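In case you want the letters, here they are:
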Amino acid sequence: MAWRRDFRYASPMPELPEVETVRRGLEPALVGRRLTKVTLRRPDLRFPFPPHFARRLTGARVAELRRRGKFLLAPLSSGETLIVHLGMTGRFLIDLAQAADDVPFRDQCPPPKHAHVVFETDNGPRVTFSDARRFGFMDVFETANLSHHLQLANLGPEPFDGAFNQSYLAAAFSARRRGVKDILMDQSVVAGLGNIYASEALHRARVAPGKEARRIGRKAIGRIVPAIRAVLEEAIDAGGSTLRDFAAANGSPGYFQHSFRVYGRGGEPCPNPGCVGRIHRSIQAGRATYHCPTCQE
DNA sequence: ATTACGTCCTGTCGGC
DNA sequence: TGCCGACAGGACGTAA
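1. Some points on the protein's contact with DNA strand B
Now for step 1: The local shell around DNA strand B consists of Arg46, Lys113, His114, Ala132, Arg133, Arg134, Phe135, Arg176, Arg177, Arg178 and Arg287.
Now for step 2: Of what DNA strand B places within 4 Å of the protein, 70% of the atoms are sugar or phosphate.
Now for step 3: Between DNA strand B and the protein, one listed contact pairs a phosphate oxygen with a side-chain N or O atom of histidine 114 at 2.7 Å.
Now for step 4: Looking at the surface near DNA strand B, its residues break down into two nonpolar, one polar and eight charged.

Below, the structure is given as structure tokens:
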């Protein structure tokens, strides 16, 4: 049947690794192809679509697919760039049926629930964006001025960029009274970390998430930078293997299920070697936070 | 400038 | 069995 969910991925909570996985999965479906038809099935997501959204995309070719923090960026041959944020539940479904002929009555099949935007391409699969909670959003912006786009302009460095280092983080932490986890989730400090990977990184760095950022010592900051990179790298690798598994499994859904060391593990023993503590769940800045009070200080 | 908090949205899950 | 509240959370808007 049409609207097959043959290719469906993205974790329920897209942070940098999940967005990167989506980018890699979407690349073969979109890059180099012309958008022949764009359909909006409602006037807004988190925000209203910009004026003439569908018209500005239609006919343009997707030059490449990039990622910046948690944003997907698709520069187009028209001189504008499609900007996508997945929010909480945003996901792309790739319809593997190449042409309408491949699927009888394809156009009579109902679209999946929450399918808000449909992209048709020349000789490529149909790509559908669905987002149950509509925390995601899309925008179109002049590529030459992309760095002035409000949401992109305020993003901090990429975690893998050399600019994100110990002295940078020390400056970002100085005089800040907010909890260190809260600071790491601030997209203007570093781009791409959310609630899950901030918790995971701090556990690895053995720093308590609620500790005031200004009270984090130099040595601890020195552990946080590589800890962030390690958790993100591992998760990106897990996403990559999900994509490969999907390709190998010929049609089975490729859900991105990465396992976490502390997130969602309240009451379980701390996985750090030699630590006898248990993972503690608390609420910090309104968000569920997991850490080991024994080895994170 | 910095911080805290409410808000949006709906599917899922546990308890009764 | 069904209902109902709690929960999940990124980023914005507002207020202090």
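2. Details of unusual backbone geometry
Across residues other than glycine, the phi torsion is negative in most instances, and most of the peptide bonds are trans.
Now for step 1: At histidine 52, a position not held by glycine, the phi torsion is positive, near 55 degrees.
Now for step 2: For histidine 52, the location among the structural elements is in the loop between β2 (35-40) and α2 (53-57).
Now for step 3: Positive phi, normally seen in glycine, also occurs at asparagine 123, with a value near 60 degrees.
Now for step 4: Structurally, asparagine 123 is set in the loop between β7 (115-121) and β8 (126-131).
Now for step 5: Judged by its relative accessible area of 68%, asparagine 123 is exposed.

3. Here we look at the nonpolar core
Now for step 1: Residues Leu169, Phe173, Leu184 and Ile224 are the most contacted members of the largest nonpolar core, which totals 40 residues.
Now for step 2: Elements with a minimum of two residues in this core: α4 (166-173), α5 (180-184), α6 (195-205), α7 (218-249) and β11 (287-291).
Now for step 3: The greatest single-element share of this core, amounting to ten residues, is contributed by α7.
Now for step 4: Those residues within four positions of phenylalanine 173 in sequence are excluded, and the remaining contacts are Val180, Ile183, Leu184, Ala213, Arg214, Ile216, Ile221 and Ile224.
Now for step 5: Counting 28 residues, the second largest nonpolar core, distinct from the first, contains Val19, Val22, Val38 and Leu82.

4. Considering the protein's contact with DNA strand C
Now for step 1: The local shell around DNA strand C holds 17 residues, among which His85, Arg133, Tyr263, Arg281 and Arg287 are the closest.
Now for step 2: Between arginine 287 and DNA strand C, the recorded distance is 2.9 Å, taken from a side-chain N or O atom to a base nitrogen.
Now for step 3: Along the lines of polarity and charge, the residues of the surface near DNA strand C split into seven nonpolar, four polar and six charged.

5. With respect to the packing of aromatic side chains
Now for step 1: What the rule picks out here adds up to eight aromatic pairs.
Now for step 2: Taken together, Tyr197, Phe260, Tyr263 and Tyr290 form an aromatic cluster joined through their ring pairs.

6. Some thoughts on the confidence of the model for chain A
Now for step 1: Averaged over all residues, the pLDDT of chain A equals 86, while 85% of them reach at least 70.
Now for step 2: The lowest-confidence element of chain A is strand β1 (residues 7-8), averaging 36 in pLDDT; the highest-confidence one is α2, averaging 97.
Now for step 3: Overall, residues 247-255 carries pLDDT values under 50, and its contacts beyond four positions in sequence, including any with other chains, amount to twelve contacts.

7. Describing the environment of leucine 202
Now for step 1: Tracing the backbone through its elements, the reader meets leucine 202 in helix α6.
Now for step 2: For the pair formed by leucine 202 and tyrosine 290, sequence separation is 88 residues and the distance between their alpha carbons is 9.7 Å.
Now for step 3: If we ignore the near neighbours within four places in the chain, the residues touching leucine 202 are Val180, Lys181, Leu184, Val207, Pro209, Ile224 and Gln296.

8. Comments concerning the sheet that holds strand β9 (residues 137-142)
Now for step 1: If you walk across this open sheet you meet the four strands as β3-β4-β5-β9, and the pairing is antiparallel. At either end of the open sheet lies a strand with only one pairing partner, and these are β3 (66-68) and β9. Ignoring strand direction, the axes of neighbouring strands in this sheet form an average angle of 25 degrees.
Now for step 2: Across three bridges, β3 lies against strand β4 (residues 71-75) in antiparallel orientation. Paired with arginine 68 across the two strands is phenylalanine 71, which belongs to β4.

9. Some details on the pairing of strand β5 (residues 80-85)
Now for step 1: With respect to burial, β5 is a largely interior element, six of its six residues being buried.
Now for step 2: Of the two faces of β5, both are covered, the one formed by Glu80, Leu82 and Val84 as well as the one formed by Thr81, Ile83 and His85.
Now for step 3: In this sheet, β5 lies alongside β4 in antiparallel orientation, the contact comprising five bridges. Across the sheet, leucine 73 pairs through a bridge with isoleucine 83, a residue of β5.
Now for step 4: Joining the antiparallel neighbours β4 and β5 is a turn of four residues, in which glycine 79 adopts a positive phi near 95 degrees.
Now for step 5: Where β5 meets β9, six bridges bridge the pair, whose relative direction is antiparallel. Residue pairing across strands places leucine 82 opposite valine 140, the latter belonging to β9.

Definitions and cut-offs
- Residues numbered from 1 in each chain as written.
- Chains lettered and ligands numbered in written order.
- Predicted model: local features only at pLDDT ≥ 70, side-chain atom pairs only at ≥ 80, totals over all residues.
- Heavy atoms only, no water.
- Near = heavy atom within 4 Å.
- Polar contact = N/O pair within 3.5 Å; in protein donor to acceptor, adjacent residues only side chain to side chain.
- Nonpolar A, V, L, I, M, F, W, Y, C, P; charged D, E, K, R; others polar.
- Helix = DSSP H or I, 4+ residues; strand = E, 2+ residues; numbered from the N terminus.
- Buried < 20%, exposed > 50% of the residue type's maximum accessible area, 1.4 Å probe, protein only.
- Core = buried A, V, L, I, M, F, W, Y, C linked by side-chain atoms within 4.5 Å.
- Contact = heavy atoms within 4.5 Å.
- Phe/Tyr/Trp six-rings, centres within 6.5 Å; stacked < 30°, edge-to-face > 60°.
- pLDDT = per-residue confidence, 0-100.
- Pairing = 2+ DSSP bridges.
- Axes fitted to C-alpha atoms, helices over the stretch in contact; angles between N-to-C directions.

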